[in-house]
Amino acid sequence: MTDDAPELRASDADRERVAEVLRDALAEGRLDMTEFEERLEATYSARTYGELAPITRDLPVGEVAAAPRVSMTKEPARSGGWAGRITGGEGSSTWVVAVMSGFQRKGRWTVPRRFNSFAFWGGGDIDLREADFAAGEVVINCVAIMGGMNVIVPPGVEVVVRGIGFMGGFDHREEGVPGDPGAPRVVVTGFAFWGGVGVERKVTRAERQRLKEERRQEKLERKAAQRELRSSVREDVADAHRRMLEGHRDLVREHHEARREQRELRREDRDRRRRGED
């Protein structure tokens, strides 16, 4: 990362790249668990490049001794929400074919209004989790002949399945799940003969890792709270025991003082009787 714009806001992707460097350093023994947790917490709370840069400044990348850098020359950051992913215009590609082979369409790409895919004795994956969308509704047309395809959508996207299967089928399990406000609608259509088209809903690997780290952090916080509670209980018990002992000592002291006063009174009484006899 360059140092001439430390005030520039960091993206989730920037934080994930730094987190990946920290995980590698932990696996290689460059960081112990305490240092890893402290730096990881600082990574996910960082808002600017200036806050991210010091976290990995003393760590190498792989076998190269150079300090890791967060790229400043990357694609424009997406705007927040689904509106930033519905871009209009044309798609990155409009079709894909697999004949006795396979294909994968995934990563950062723009889904056109209609995307056609064909598989014969083969198959592939159409992954929309990191994709932009040319329109608010897109059609994924799948033709699978003695083959199969899998359409992967992110959470929040509405899915409609209209495909026809003959000695094959289309997966309808993700149908009927309401979409988020402003999210695109994905219509899966086509034909399957001795094959099938699956539809599944998944988060991205980066999001899955982030959620895993969040759950882990919550677990650590719960354990810390439990330790603090146990320590507080022990302190309360010790304080109550201390007060009990102090109260017991006060009672013993008062008892001794009362007995001493009684002895003094008896002694004075004896002295008065002697003086009267004399």
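As the structure is a computational prediction, the values presented were derived from the model and not from experiment. (Residues numbered from 1 in each chain as written. Predicted model: local features only at pLDDT ≥ 70, side-chain atom pairs only at ≥ 80, totals over all residues. Heavy atoms only, no water.)

### Considerations on the overall build of the protein
Logical step 1: The helix and strand inventory of the protein stands at four helices and 13 strands.
Logical step 2: The 278 residues of the protein split such that 32% are buried.
Logical step 3: Carbon and sulfur atoms make up 52% of the accessible area of the protein, which totals about 17,600 Å². (Helix = DSSP H or I, 4+ residues; strand = E, 2+ residues; numbered from the N terminus. Buried < 20%, exposed > 50% of the residue type's maximum accessible area, 1.4 Å probe, protein only. Areas by Shrake-Rupley, 256 points an atom, 1.4 Å probe, with all protein chains shown as cover.)

### Re helix α2 (residues 33–45)
Logical step 1: For α2, with 13 residues, the first-to-last C-alpha span of 18 Å sits near the 18 Å given by 1.5 Å per residue.
Logical step 2: You can read the cap of α2 off the contacts: a side-chain oxygen lies 3.2 Å from the backbone nitrogen of threonine 34, and it is on aspartate 32. (Expected span 1.5 Å × (residues − 1). Polar contact = N/O pair within 3.5 Å; in protein donor to acceptor, adjacent residues only side chain to side chain.)

### Digging into the packing of helix α1 (residues 12–27) against α2
Logical step 1: Contact pair α1 / α2: the axes reach a minimum separation of 10 Å and the direction vectors enclose 175°. Between α1 and α2, the angle is such that the two are roughly antiparallel. Between α1 and α2, the contacting residues are Arg15, Glu16, Val18, Ala19, Leu22, Arg23 and Leu26 on the first element and Met33, Phe36, Arg39, Leu40, Thr43 and Tyr44 on the second. (Axes fitted to C-alpha atoms, helices over the stretch in contact; angles between N-to-C directions. Parallel < 35°, antiparallel > 145°, perpendicular 65-115°, else oblique. Contact = heavy atoms within 4.5 Å.)

### Looking at the pattern of salt bridges
Logical step 1: Evaluated as defined, the whole model comprises 10 salt bridges.
Logical step 2: Salt-bridge contacts for glutamate 158 lead to arginine 185; the nearest nitrogen and oxygen are separated by 3.5 Å. In this pair, glutamate 158 sits in strand β9 (residues 158–161) while arginine 185 sits in strand β12 (residues 185–193), placing the two residues 27 residues apart along the sequence.
Logical step 3: Residue class for arginine 185 comes out partly exposed when judged on its relative accessible area of 25%.
Logical step 4: Because the salt bridges share partners, they merge into one network encompassing Glu137, Glu158 and Arg185. (Salt bridge = Lys/Arg side-chain N within 4 Å of Asp/Glu carboxyl O.)

### Regarding the packing of aromatic side chains
Any two aromatic rings considered together are summarised by their centre-to-centre distance and by the angle between their planes.
Logical step 1: Counted by the stated rule, this structure contains four aromatic pairs.
Logical step 2: Ring geometry for phenylalanine 120 and tryptophan 121: centres 5.6 Å apart, planes at 0°, overall stacked.
Logical step 3: An aromatic cluster of three or more residues is present, and its members are Phe166, Phe193 and Trp194. (Phe/Tyr/Trp six-rings, centres within 6.5 Å; stacked < 30°, edge-to-face > 60°.)

### Focus: the nonpolar core
Logical step 1: If you look at the biggest cluster of nonpolar residues, it comprises 29 residues, and the most contacted ones within it are Leu128, Val151 and Val188.
Logical step 2: Those elements that place two or more of their residues in this core are β1 (95–99), β4 (114–120), β7 (137–145), β8 (148–153), β9, β12 and β13 (196–201).
Logical step 3: Top contributing element to this core by residue count: β7, with four residues.
Logical step 4: The contact partners of valine 188, leaving out residues within four places of it in the chain, are Ile140, Cys142, Val151, Val160, Val161, Arg162, Gly163, Phe170, Val197 and Val199. (Core = buried A, V, L, I, M, F, W, Y, C linked by side-chain atoms within 4.5 Å.)

### Concerning a positive patch on the surface
Logical step 1: A contiguous patch of positive charge on the surface is contributed by Lys219, Arg222, Lys223, Arg227, Arg230 and Arg234.
Logical step 2: In this structure, lysine 219 sits in helix α4 (residues 205–277). (Patch = residues over 30% accessible without salt bridge, like charges linked within 9 Å, V, L, I, M, F, W, Y side chains within 5 Å. Lys, Arg positive; Asp, Glu negative; His and termini not counted. Charge placed at Lys NZ, Arg CZ, Asp CG, Glu CD.)

### Quick word on the sheet that holds strand β11 (residues 169–170)
Logical step 1: The sheet built from five strands is open, its strands ordered β2-β5-β8-β13-β11 with parallel pairing. Of all strands in the sheet, those with a lone pairing partner are β2 (102–105) and β11, marking the two edges.
Logical step 2: In this sheet, strand β5 (residues 123–127) lies alongside β2 in parallel orientation, the contact comprising four bridges. Across the sheet, residue glycine 102 finds its bridge partner in β5, namely glycine 123. (Pairing = 2+ DSSP bridges.)

### Digging into the environment of phenylalanine 166
Logical step 1: Tracing the backbone through its elements, the reader meets phenylalanine 166 in strand β10 (residues 164–166).
Logical step 2: In this structure, the C-alpha to C-alpha distance between phenylalanine 166 and glycine 196, residues 30 residues apart in sequence, is 9.4 Å.
Logical step 3: Dropping the residues within four chain positions of it, phenylalanine 166 is found in contact with Phe191, Ala192, Phe193 and Trp194.

### Examining α1
In an α-helix, one full turn covers 3.6 residues, which means residues spaced three or four apart are oriented alike.
Logical step 1: When the terminal C-alpha atoms of α1 are compared, their 22 Å separation across 16 residues agrees well with the 22 Å that a helix rising 1.5 Å per residue should span.
Logical step 2: Burial in α1 covers these residues: Asp14, Arg15, Glu16, Val18, Ala19, Val21, Leu22, Arg23 and Ala25.

### Some remarks on the confidence of the model for the protein
Logical step 1: Across the protein, the average pLDDT comes to 81, with 90% of residues at 70 or higher.
Logical step 2: The low-confidence segment residues 62–77 (pLDDT under 50) makes 32 contacts with residues lying over four places distant or belonging to another chain. (pLDDT = per-residue confidence, 0-100.)

### Quick word on a negative patch on the surface
Logical step 1: Together, Asp32, Glu35, Glu38, Glu41, Glu218 and Glu221 make up a region of like negative charge exposed at the surface.
Logical step 2: When contributions to the negative patch are tallied by element, the ones reaching two or more residues are α2 and α4.
Logical step 3: Examining the composition of the negative patch, we find that three residues originate from one element, α2, more than from any other.
Logical step 4: Structurally, the position occupied by glutamate 38 is in helix α2.

### Regarding the environment of arginine 105
Logical step 1: Mapped onto the elements, arginine 105 comes out in strand β2.
Logical step 2: Expressed as a C-alpha distance, the spacing of arginine 105 and aspartate 125, which sit 20 residues apart in the sequence, is 6.2 Å.
Logical step 3: Sequence-distant contacts of arginine 105, that is, excluding residues within four places in its chain, are made with Ser92, Ser93, Phe115, Asp125, Ile126 and Asp127.
Logical step 4: A polar atom in the side chain of arginine 105 sits 3.1 Å from the side chain of serine 93.

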